[in-house]
Each structure stands twice: as C-alpha cells, then as structure tokens.
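Residues per chain are reported as follows:
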Amino acid sequence: SALRTIANCDGAVVTAPHKVAMAEMVDDLTPAARLVGAANVVIRAPDGRLTGDNTDGAGFVAALREAGADPMGQRALLFGCGGAGASIAAALVAAGVARLELVDPDAAKAAALAEALGPSVQRVAMPESVEAHDLVINATAIGLDGASAVHPLSGLRPGATVGDVVTKPPVTPFLCQAEALGARIQPGSAMALAQIPLVLRLFGWSK
C-alpha cells in the first residue's frame, strides 16, 4: 500500500465498498474493526504500520444522542449486517439497547453477528410489521436508486426513530415513508457528520 511509504500522510478514510477489503490489508485492527471485519479509517504509524478502525457505529449512535434519541433501553431493528451494519449493531449494544433484531439475506452472517454481540441480539426473518420497535435502521445500500426501500415500515409507531446510512439521496424513500408516518428520521449524512470529530481524534488533530 502506498500509505506505508508516504511519510507526511497520517492515514486515510475509506468508504464502501472497500471497508472489508481494507480490514484484510492493514497490519492491526482495533477491537471495533476486528469485531465487524471492516475498517473505514486507517491510521499510519511513523514506522509505516497501518491500523484499521471503524467509526461507523460510534458515529451513528453519536448522531442519535445529539438528536435526543438515546438508544439506551430501546428495541431496535437493523436491516443489513455488512461493515456499516455490524458496526452500528455493536455500537447499539454498547449503548444499552434492550433488544436488537438483525435482518440480512445472509442468515449465517446475521446469526454469527448476533452470537458475537450477546443475548440481547437475535437474527430474525424479514418482519411484516415494525410495530414492536422504537428504532428502525437501514444499513444496506437499498435506497441509493432514489426509489426503493428496504421495508414498507408497516406498523411503524409515531414517535419511533428511523435511520438510514444512505447519503444520496439526502432523504431516501425509506426515510420519506417514515416521516410521513410521524417518525423522527436520521439521514445518512448525520452519521457521516458525527464521525468527523471521532476521526480527527484518531489522527491526533483534536482533543
């Protein structure tokens, strides 16, 4: 990797779909990145060694808290167990959700993540209704086309919080539907913005 030989480069920020591949290329992984098998930040040491970290989940939870939607004690439903989804799942567990249900086409992947995260997490099939959940999150790429949604949000209760990791369009069809049903929404840009101070601290550029 060119990062190893550029002395005036402190590291890099990595976006999808390269996060999983980057986790396999670095020399070390932080516990957060190792757990989810994906790295969205790479820190270069003076000797050229590269350490991968993952701030997606911490950023998502920070954005929730900034908006007054602390996930502690909530019942959450998460679509997608890829790099971002796994990171968000781990951060939600660390933040104290009462229950987290995971939905992913790859049942084995979702089951393995649930087992790694503990008894409050369970893999489930695609639900017909989201009525039982306080927090519903799309951590898939569905919605990038500006037309599709990962779930119709049937049964969504007014006052629930619905989040998305997709940043374009700024308000996805998934979030538009949630807003129409009276839910609080968190767009993908909120997670991205909340990661900025986390990344700056990793690079040693802020306290």
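All values derive from a computational prediction rather than experimental measurement.

Helix and strand counts for the chain stand at seven helices and ten strands. Against the globule reference of 17 Å for 207 residues, the chain gives a C-alpha radius of gyration of 17 Å, in line with a compact fold. Projected onto its principal axes, the C-alpha positions of the chain cover 55 × 30 × 30 Å. Contacts spanning at least 24 positions in sequence make up 58% of the contacts within the chain whose residues lie at least 6 apart. On the chain, roughly 9600 Å² of surface is accessible, and the fraction owed to carbon and sulfur atoms is 59%. Positive and negative charge centroids in the chain, built from 15 and 19 side chains respectively, lie 5 Å apart.

The strand order across the open sheet formed by four strands is β1-β3-β4-β2, and the pairing between neighbours is mixed. One side of each edge strand has no neighbouring strand; the edge strands of this open sheet are β1 (11–13) and β2 (28–29). Pairing between β1 and strand β3 (residues 41–44): three bridges, direction antiparallel. Following the sheet pairing, Gly11 is matched in β3 by Ile43.

In this section: the pattern of salt bridges. In the structure shown here, the tally under the stated rule is six salt bridges. The partner of Arg65 in a salt bridge is Asp70, and the shortest N-O contact between them spans 3.7 Å. Take Asp70: its relative accessible area is 37%, and that puts it in the partly exposed class. Among the ionic contacts, a cluster of salt bridges with common partners joins Arg75, Asp134 and Arg157.

For the rest of this paragraph, the subject is the pairing of β3. As defined by bridge partners, β3 adjoins strand β4 (residues 50–53) across four bridges and the pair is classed as antiparallel. Directly across from Val42, in β4, lies its bridge partner Gly52. In this antiparallel pair of consecutive strands, β3 and β4, the connection spans five residues, and Gly48 shows a positive phi of 95 degrees.

Next up on the list: the packing of helix α3 (residues 56–66) against helix α7 (residues 188–202). Where α3 contacts α7, the axes come no closer than 7 Å and their chain directions differ by 110 degrees. On the basis of their axis angle, the class for α3 and α7 is roughly perpendicular. The residues of α7 that touch α3, namely those facing Asp56, Ala58, Gly59, Phe60, Ala62 and Ala63, are Ala190, Met191, Ala194, Gln195 and Leu198. Classifying every residue of the contact of α3 with α7 gives eight nonpolar, two polar and one charged.

Ranked by internal contacts, the top residues of the largest apolar core, which has 29 residues, are Leu78, Ile88, Leu92, Leu100 and Leu102. Elements with a contribution of two residues or more to this core: α3, β5 (75–79), α4 (83–94), β6 (99–103), α5 (107–117) and β8 (135–138). Considering each element in turn, this core owes the most residues, six residues, to α4. The contacts of Leu92, once residues within four sequence positions are left out, are Val61, Leu64, Pro71, Ala76, Val97, Leu100, Leu135 and Ile137.

For the rest of this paragraph, the subject is the sheet that holds strand β9 (residues 161–164). Spatially, β7-β6-β5-β8-β9-β10 is the arrangement adopted by the six strands of the open sheet, whose pairing is parallel. Because the sheet does not close on itself, it has two edges, and the strands there are β7 (121–123) and β10 (184–186). Averaged over neighbouring strand pairs, the angle between their axes works out to 15 degrees when direction is ignored. Pairing of β6 with β7 involves three bridges; the strand directions are parallel.

Criteria and cut-off values
Along each chain, the written sequence defines residue order, and numbers are assigned to residues from 1. Local features in this predicted model are restricted to residues whose pLDDT is 70 or higher, and side-chain atom pairs enter the listing and the counts only when it is 80 or higher, whereas totals over whole chains, interfaces and linings include all residues. Note: side-chain values were computed over all heavy atoms of the structure, leaving out hydrogens and water. Strands here are runs of E lasting at least two residues and helices are runs of H or I lasting at least four, both read from the DSSP assignment and numbered beginning at the N terminus. Radius of gyration: over C-alpha atoms. The globule rule applied is 2.2 Å multiplied by the number of residues raised to the 0.38 power. Here, two residues are considered to be in contact whenever any of their heavy atoms come within 4.5 Å of each other. For accessible areas, the Shrake-Rupley method is used with a probe of radius 1.4 Å. Any residue's cover is judged against the shown protein chains and nothing else. Charge convention: Lys and Arg are scored as positive, Asp and Glu as negative, and His as well as the terminal groups of each chain are ignored. Working definition for charges: the position is that of NZ of Lys, CZ of Arg, CG of Asp or CD of Glu. For two strands to count as paired, DSSP must find a minimum of two bridges between them. The salt bridge definition used is simple: a Lys or Arg side-chain nitrogen within 4 Å of an Asp or Glu carboxyl oxygen. Type-normalised accessible area, obtained with a 1.4 Å probe on protein chains alone, sets the label of each residue: buried when under 20%, exposed when over 50%, and partly exposed for intermediate values. Think of each axis as a best-fit line through the C-alpha atoms, taken over the contacting stretch in the case of a helix, with angles from 0 to 180 degrees between the N-to-C directions. Orientation labels follow simple angle bins: below 35 degrees gives roughly parallel, above 145 gives roughly antiparallel, 65 to 115 gives roughly perpendicular, and whatever is left gives oblique. Ten residues, namely Ala, Val, Leu, Ile, Met, Phe, Trp, Tyr, Cys and Pro, are considered nonpolar, four, namely Asp, Glu, Lys and Arg, are considered charged, and the remaining ones, Gly among them, are considered polar. Think of a nonpolar core as a cluster: buried Ala, Val, Leu, Ile, Met, Phe, Trp, Tyr and Cys residues, connected wherever their side-chain atoms sit within 4.5 Å.

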